[in-house]
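# Fold and geometry: a report
Listed here are the chains, written in short residue letters.
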Amino acid sequence: MLLFLIKNNTFDTMDFPVAFHLFGKTILAHPLFEALGMFIGMRYYFYLKRKSSEKVSFNVSAAVLIGATAGALFGSKLIGNLENPYKLFGHFDFKTVWTNNTIVGGLAFGLMGVELAKKAVGHKESTGDLIVFPLILAMIIGRIGCFLTGIYEETYGVPTDFIFGMHLGDQYLRHPVALYEIAFLIILRIILKTIQRKKNYPSGFIFQVFMLSYFTFRFLLDFIKPRIEIIGNLGTIQIVCICVIIYYIYIIKNTVRFIHSKNKTYENPHPVGSW
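What you see is a predicted model; the values in this text were computed from it and never measured. (Residues numbered from 1 in each chain as written. Predicted model: local features only at pLDDT ≥ 70, side-chain atom pairs only at ≥ 80, totals over all residues. Heavy atoms only, no water.)

### Some details on helix α2 (residues 29–51)
A rise of 1.5 Å per residue sets the reference length of α2, with its 23 residues, at 33 Å; its end C-alpha atoms lie 33 Å apart and thus fit the reference within 8%. Three or more residues of α2 are buried, namely A29, H30, F33, G37, G41, Y45 and L48. Looking at the buried positions of α2, the neighbouring elements they touch are β1 (19–22), β2 (25–28) and α7 (129–149). (Helix = DSSP H or I, 4+ residues; strand = E, 2+ residues; numbered from the N terminus. Expected span 1.5 Å × (residues − 1). Buried < 20%, exposed > 50% of the residue type's maximum accessible area, 1.4 Å probe, protein only. Contact = heavy atoms within 4.5 Å.)

### Description of the nonpolar core
Nonpolar side chains tend to gather and get buried jointly when the protein is soluble and globular. Of all hydrophobic cores here, the largest spans 55 residues; its most connected members are L192, F210 and F215. Listing elements by their share of this core, those giving two or more residues are α2, α6 (103–121), α7, α8 (177–198), α9 (205–221) and α10 (236–267). In terms of residue count, α9 provides more of this core than any other element does, 11 residues in total. Excluding residues within four positions of it along the chain, F215 makes contact with V104, L107, A108, C241, V244 and I245. (Core = buried A, V, L, I, M, F, W, Y, C linked by side-chain atoms within 4.5 Å.)

### Some thoughts on the environment of F219
Here F219 lies in helix α9. Once the C-alpha coordinates of F219 and V104 are considered, the two residues, 115 residues apart in sequence, prove to be 9.8 Å apart.

### A few points about the packing of aromatic side chains
Inspection of the entire model under this criterion finds 13 aromatic pairs. Geometrically, the ring pair formed by F207 and F210 is tilted, given 6.4 Å between the ring centres and 40 degrees between the ring planes. Here F207 pairs with F210, and both are found in helix α9, just 3 residues apart, close to one helical turn. Ring geometry for Y247 and Y248: centres 5.0 Å apart, planes at 85 degrees, overall edge-to-face. The class of Y247 is partly exposed, set by a relative accessible area of 39%. (Phe/Tyr/Trp six-rings, centres within 6.5 Å; stacked < 30°, edge-to-face > 60°.)

### Re the pairing of β2
Of the pairings in the sheet, the one linking β1 to β2 comprises 4 bridges and is antiparallel in character. Counted as the bridge partner of F20 is I27 from β2. Counting the residues that bridge the hairpin from β1 to β2 gives 2 residues, and of these F23 lies at a positive phi of roughly 55 degrees. (Pairing = 2+ DSSP bridges.)

Next up, the structure:
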């Protein structure tokens, strides 16, 4: 549906950036939808948590939530500002530093925060699967805000004569990368739901597939976004993506090996050398 609207230039009559007038103030769509996405995503997460058969103690839940929040906040701003390190170190401005964010940094460092928190409370089981679908929903809502902001925040694509090119607030036809990401997330949700229904995977596998898929997508997507090239023709976000992709290839490889081993044990419950 989104690609149909892009192809037929349905959005070309829009004025960017889209803003809302609330309580006598003008608020841009991006921060409004970002906050809305986080709120709805968290409510969805707590709903799924209440329904889940896997019960986690309050101490573990609190530690994971604090670790994820602290890591995501730190990482989103760190990587967001390192997208243009020349600007960051050449002219430091606290307001600019505080408002620069990226979901790539938030996810990568949020993961680190969760793992550190789990070690601190001695919890070894995976806690990621439950957050995947609320996270996808929150990201979709947030990307709607990114799209409605047009070129006025750095969430737009490079100029193009591709069939899906759109006017996002200047004279150029640009890749509507926010809409591309929304379409990708919808497809990814369908795929992950299909995997989830099979129930032939260990805890944490859905989250692993989500992270590998999303970071691979973002690595490729950033080639059609404006970026400062740091190493070769790669930007900061792409470098972070490569690190996460390598990590999750290793993790998923071990998970798949575990699944195969489990299936073989089920087929032959008394293999040679066992009791």
